Amino acid sequence: MLERILIVCIGNICRSPCAQALMNEALSRDKRNMKIGSAGLAAQVGLPMEPTTRAVLLEHRHRPPLHRACQLERSMLHQADLVLAMEHRHIDGIYRIAPEARGKTFLLGKWQGELEIQDPFRRDRTAFEQAYRQIRTAVEAWAARLGH
């Protein structure tokens, strides 16, 4: 049974905390008691969620949690039952840290034809909206599959 999900991107201030918030909401609606975490391969350690990401979540009626970016560590990968990344290169980075994470590491966009979710950081608001929509769709697909 899955108990811990880890979501990974680069800076841990845009995509992975957004996905973490949405996954927490999706799984709590179904009364699934899983621990959802996030981290970055090159985290901007200690920074809060990027303000535009936070604003997009609020506008779509989500409650963004307090967040501080943290660096991905091997121990986090060992503790996770499922690791979800935004891009193929993130999966490669995860395997460099913990080759044994193979078999439990996938793209967040796996069920959308192996969709890679591009980083909206330092881009215009439409990039953040697009990332949000892709993340929301991917999270809903994972939540549906984790329910069985």
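Just above, that's the structure.
Residues numbered from 1 in each chain as written. Predicted model: local features only at pLDDT ≥ 70, side-chain atom pairs only at ≥ 80, totals over all residues. Heavy atoms only, no water.

Trainee: Please give an account of the side chain of serine 38 that cites residues and values.
Mentor: Topologically, serine 38 is positioned in strand 2 (residues 35–40). Engagement of the side chain of serine 38 in a polar contact is seen with the side chain of asparagine 12, the distance being 2.9 Å. Once you skip the residues sitting within four places of it in the chain, serine 38 turns out to touch Leu6, Ile7, Asn12, Ser16, Pro17, Gln20, His67, Cys70 and Met76. (Helix = DSSP H or I, 4+ residues; strand = E, 2+ residues; numbered from the N terminus. Polar contact = N/O pair within 3.5 Å; in protein donor to acceptor, adjacent residues only side chain to side chain. Contact = heavy atoms within 4.5 Å.)

Trainee: Summarise the pairing of strand 3 (residues 82–85); cite the residues concerned and give the values.
Mentor: Here strand 3 shows no split at all, with Leu82 and Leu84 on one side and Val83 and Ala85 on the other all buried. Here strand 1 (residues 4–9) pairs with strand 3 via four bridges, running parallel. Each residue of the ladder has a partner; that of isoleucine 7, found in strand 3, is leucine 84. Direction of pairing for strand 3 relative to strand 4 (residues 105–107): parallel, over a ladder of three bridges. Of the residues in strand 4, the one forming a bridge with valine 83 is threonine 105. Tracing the backbone out of strand 3, into helix 4 (residues 88–97) and back to the parallel element strand 4 gives a crossover that is right-handed. (Buried < 20%, exposed > 50% of the residue type's maximum accessible area, 1.4 Å probe, protein only. Pairing = 2+ DSSP bridges. Right-handed = clockwise from strand over helix to strand, strands pointing away.)

Trainee: How would you sum up the packing of helix 2 (residues 51–59) against helix 5 (residues 125–146)? Please name residues and give values.
Mentor: Contact geometry for helix 2 and helix 5: axes closest at 10 Å, N-to-C directions at 55°. On the basis of the axis angle, helix 2 is oblique to helix 5. Judged by the sense of rotation from one axis to the other, the crossing of helix 2 with helix 5 is right-handed. Only Arg125, Phe128, Glu129 and Tyr132 of helix 5 make contact with helix 2, whose side of the interface consists of Thr52, Thr53, Ala55, Val56, Leu57 and Glu59. (Axes fitted to C-alpha atoms, helices over the stretch in contact; angles between N-to-C directions. Parallel < 35°, antiparallel > 145°, perpendicular 65-115°, else oblique. Left-handed = near helix turned anticlockwise from the far one by under 90°.)

Trainee: Could you give an account of the pattern of salt bridges, naming the residues involved and the relevant values?
Mentor: A full pass over the atoms with the stated rule returns eight salt bridges. Among the salt bridges present, the one from glutamate 100 reaches arginine 74, with a minimum N-O distance of 2.9 Å. Separated by 26 residues along the polypeptide, glutamate 100 in the loop between helix 4 and strand 4 and arginine 74 in helix 3 (residues 74–79) bring together distant segments of the chain. Looking at glutamate 100, the relative accessible area reads 40%, which means it is partly exposed. Given the relative accessible area of 44%, arginine 74 is considered partly exposed. Where arginine 89 meets glutamate 87, a salt bridge forms, and the shortest distance between an N and an O atom there is 2.8 Å. Given the relative accessible area of 7%, glutamate 87 is considered buried. Salt bridges here are not isolated pairs; linked through shared partners, they connect Arg15, Glu87, Arg89 and Asp119. (Salt bridge = Lys/Arg side-chain N within 4 Å of Asp/Glu carboxyl O.)

Trainee: Could you give an account of helix 1 (residues 15–29), naming the residues involved and the relevant values?
Mentor: For helix 1, built from 15 residues, the straight-helix expectation of 21 Å at 1.5 Å per residue is met to within 8% by its first-to-last C-alpha distance of 21 Å. Where burial is concerned, most of helix 1 is hidden: eleven out of the 15 residues are buried. Turning to helix 1, its buried residues are Arg15, Ser16, Pro17, Cys18, Ala19, Gln20, Ala21, Leu22, Met23, Ala26 and Leu27. Of the surrounding secondary structure, the elements contacted by the buried residues of helix 1 are strand 1, strand 2, helix 2, strand 3, helix 4 and helix 5. (Expected span 1.5 Å × (residues − 1).)

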